[in-house]
Amino acid sequence: MDQKVINLTERLDRGIFKLARSLQEVHNTGELVDLTCREIAHSIGYRSVWLQWISELNGNGSSLLMASGDKSQQLEQYSKAKKTNTRILNKSECPEDLPQVIPDARIDPLVNEDFVAALGIRSLVIIPLRRSGSTFAYLMTGSFENDGNDVPEEAEIAYLTELGDQVSAALHRLNYSLEMSDRQIHPQELIHSLAMLNKY
């Protein structure tokens, strides 16, 4: 294996190890997404991350649960404009177990053209979050107009796959903690928590 690839892999592994430890300390989805965004920005360079909850009530649609990074405000504004259904993929065949890389979202028929244009997305990476054998959400990231097309290398895809596993486990822990806690929970957070718990 090329030494450059070895060095990259080792650096990304250190990032995953650090993230896994830090995720044990988060208390809500906002902290989780912010932490994940900072890790991805540091390790790969993508500066925006968002979490899409798959809603069975919306058919094959999805709703924005949380966003972080440079494009977080635009993502939230777009989601509000589209109400509860923020459809990103035009087909129901979404990735089930491995990250899906879309090199140029502007010309890929799988991606919602309106969403791509509104956010200025160039390359898109869709990371399935799975629990008990099924996908319940997607963690998404990628490059935007000023970055150009930025496709992750093989080692970076492996990193994003492991990162998805860590985020999925952390979300599951958060939802379990919310279910078992007697504290007052914000209604929106409770709704999303119960929705996720119903998937398991």
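Residues numbered from 1 in each chain as written. Predicted model: local features only at pLDDT ≥ 70, side-chain atom pairs only at ≥ 80, totals over all residues. Heavy atoms only, no water.

A. The pairing of strand 4 (residues 121–131), seen in detail. Along strand 4, nine of the eleven residues are buried, which leaves the element largely enclosed by surrounding structure. Pairing of strand 3 (residues 100–102) with strand 4, which is carried by three bridges, proceeds in the antiparallel orientation. For Gln100, the partnering residue across the bridge sits in strand 4 and is Ile126. Bridge count for strand 4 against strand 5 (residues 134–144) is nine bridges, and the pairing is antiparallel. Counted as the bridge partner of Arg130 is Thr135 from strand 5. (Buried < 20%, exposed > 50% of the residue type's maximum accessible area, 1.4 Å probe, protein only. Helix = DSSP H or I, 4+ residues; strand = E, 2+ residues; numbered from the N terminus. Pairing = 2+ DSSP bridges.)

B. How the structure looks around the packing of helix 1 (residues 3–23) against helix 2 (residues 29–43). For the pair helix 1 and helix 2, interaxial distance at closest approach is 10 Å and the crossing angle is 165 degrees. In terms of orientation, helix 1 lies roughly antiparallel with respect to helix 2. By crossing handedness, the relation of helix 1 to helix 2 is classed as right-handed. Contacts between helix 1 and helix 2 involve Arg11, Leu12, Gly15, Ile16, Leu19, Ser22 and Leu23 from the former and Leu32, Leu35, Thr36, Glu39, His42 and Ser43 from the latter. Of the residues in the contact of helix 1 with helix 2, the class split is six nonpolar, five polar and two charged. (Axes fitted to C-alpha atoms, helices over the stretch in contact; angles between N-to-C directions. Parallel < 35°, antiparallel > 145°, perpendicular 65-115°, else oblique. Left-handed = near helix turned anticlockwise from the far one by under 90°. Contact = heavy atoms within 4.5 Å. Nonpolar A, V, L, I, M, F, W, Y, C, P; charged D, E, K, R; others polar.)

C. Layout of a negative patch on the surface. Side chains of Glu10, Asp13, Glu162 and Asp165 sit close together on the surface and give a patch of like negative charge. By the secondary structure assignment, Glu10 is in helix 1. Of the residues examined, Glu10 reaches a relative accessible area of 42% and is grouped as partly exposed. (Patch = residues over 30% accessible without salt bridge, like charges linked within 9 Å, V, L, I, M, F, W, Y side chains within 5 Å. Areas by Shrake-Rupley, 256 points an atom, 1.4 Å probe, with all protein chains shown as cover. Salt bridge = Lys/Arg side-chain N within 4 Å of Asp/Glu carboxyl O. Lys, Arg positive; Asp, Glu negative; His and termini not counted. Charge placed at Lys NZ, Arg CZ, Asp CG, Glu CD.)

D. How the structure looks around helix 2. The terminal C-alpha atoms of helix 2, which comprises 15 residues, lie 21 Å apart, in line with the 21 Å expected from a rise of 1.5 Å per residue. Buried within helix 2 are the following residues: Thr29, Gly30, Leu32, Val33, Leu35, Thr36, Cys37, Glu39, Ile40 and Ser43. For helix 2, the capping residue at the N-terminal end is Asn28, with a side-chain oxygen 3.1 Å from the backbone nitrogen of Gly30. Taken from the residues just after helix 2, Gly45 is the one with a positive phi, measuring 110 degrees. (Expected span 1.5 Å × (residues − 1). Polar contact = N/O pair within 3.5 Å; in protein donor to acceptor, adjacent residues only side chain to side chain.)

Purely spatial values, then, with no claim about function.
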